[in-house]
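Now for the letters of each chain:
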Amino acid sequence: MKIQSAVFEVSSPNLELCPTLPLPEFAFIGRSNVGKSSLINMLTGKAGLAKVSDLPGKTKLMNFFTINRNWRLVDLPGYGYAHVAKTDRADFNEAAADYLQARENLVCIFVLIDSRLEPQAIDVDFINWLVDREIPFVLIFTKTDKQSASQTQSSVARFKKAVLTELDPPPPIFVSSSKTKVGQREILKFIGDALIENPQQSNNAE
Ligand SMILES: Nc1nc2c(ncn2[C@@H]2O[C@H](COP(=O)(O)OP(=O)(O)OP(=O)(O)O)[C@@H](O)[C@H]2O)c(=O)[nH]1
Ligand SMILES: [Mg+2]
């Protein structure tokens, strides 16, 4: 998968105002500050495409980026920043919850996990929210440049054991670094393969 163009399309505060042209979409979600926007910039090779900040909660809207004119990357608001009252709604951004449950052209959800941390309750809760709704997802362990490869491997293993043992099939797992570009080739290949499997949704897949 070669990125020929990556263009910001629109920010949306809710599902209704998302782009109407049903291009295949790949969405990124995860705790605030986990590195969603940085990963989008790394994958596209465009440093300033998605806004990156040290202040958690930077991305409050759903941001749509059109790639190669025929599919999209979607930067979703992070969870675990503003406290949302726990009702029967998801304990995270309401617009993101609606999007994840109802967006018809959503091909794949990437859930980002900080590779340096023990499994966090908020990530486990979010994954269980997806599992309860039978929504498939892919995991990406971020910021692997901040520790050794073996520390990342044991962190992934711990997460699998604590969270994923009951999942059949288990989700695909990637490791990434926006600094060193680890994971770029693998994740783009995964997206390319998914686009081939969803030809009906793509205009003219390249
Ligand atoms: N070393 C290192 N730092 C990273 C990496 N990814 C992100 N960061 C840093 O982590 C901070 C947060 O990154 P963002 O990409 O803004 O995180 P986000 O998940 O989009 O955050 P919100 O929009 O607040 O939800 C920034 O200071 C980034 O530079 C990485 O792979 N390696
Ligand atoms: Mg962001």
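Up top is the structure.
Worth saying up front: this structure is predicted, and the values here are computed from it rather than measured. (Residues numbered from 1 in each chain as written. Chains lettered and ligands numbered in written order. Predicted model: local features only at pLDDT ≥ 70, side-chain atom pairs only at ≥ 80, totals over all residues. Heavy atoms only, no water.)

Undergrad: Describe the sheet that holds strand E7 (residues 173-175), naming the residues involved and giving the relevant values.
TA: To summarise the sheet geometry, strands pair through backbone hydrogen bonds and adopt either a parallel or an antiparallel arrangement. Taking strand neighbours across the sheet as the criterion, the 7 strands line up as E1-E3-E4-E2-E5-E6-E7 in an open arrangement whose pairing is mixed. Either end of the sheet is taken by a strand with one partner, and the two such strands are strand E1 (6-12) and E7. Pairwise comparison of adjacent strand axes, ignoring direction, gives a mean angle of 25° for this sheet. Bridge count between E1 and strand E3 (residues 62-67): 6 bridges; the pairing is antiparallel. By the bridge assignment for E3, Ser-12 is matched with Met-62. (Pairing = 2+ DSSP bridges. Helix = DSSP H or I, 4+ residues; strand = E, 2+ residues; numbered from the N terminus. Axes fitted to C-alpha atoms, helices over the stretch in contact; angles between N-to-C directions.)

Undergrad: Can you break down helix H4 (residues 149-164) residue by residue, with the values?
TA: Given a rise of 1.5 Å per residue, 16 residues ought to cover 22 Å, and the 21 Å separating the end C-alpha atoms of H4 matches this to within 8%. Of all the positions in H4, only Thr-152, Ser-155, Val-156, Phe-159, Val-163 and Leu-164 are classed as buried. Angularly, the buried residues of H4 cover 105° about the axis, an arc narrow enough to put them on a single face. Of the exposed residues in H4, the ones pointing more than 90 degrees away from its buried face are Ser-150, Lys-161 and Ala-162. The secondary structure elements touched by the buried residues of H4 are strand E5 (106-114), helix H3 (121-132), strand E6 (138-142) and E7. (Expected span 1.5 Å × (residues − 1). Buried < 20%, exposed > 50% of the residue type's maximum accessible area, 1.4 Å probe, protein only. Arc of directions from axis to C-beta. Contact = heavy atoms within 4.5 Å.)

Undergrad: Describe the packing of helix H1 (residues 36-44) against helix H5 (residues 184-197), and please don't skip the residues or the numbers.
TA: The interhelical angle for the contact between H1 and H5, taken along N-to-C directions, is 85°, at an axis separation of 10 Å. When the axis of H1 is compared with that of H5, the two are roughly perpendicular. Where H1 abuts H5, its residues Leu-39, Met-42 and Leu-43 lie against Gln-184, Ile-187 and Leu-188. (Parallel < 35°, antiparallel > 145°, perpendicular 65-115°, else oblique.)

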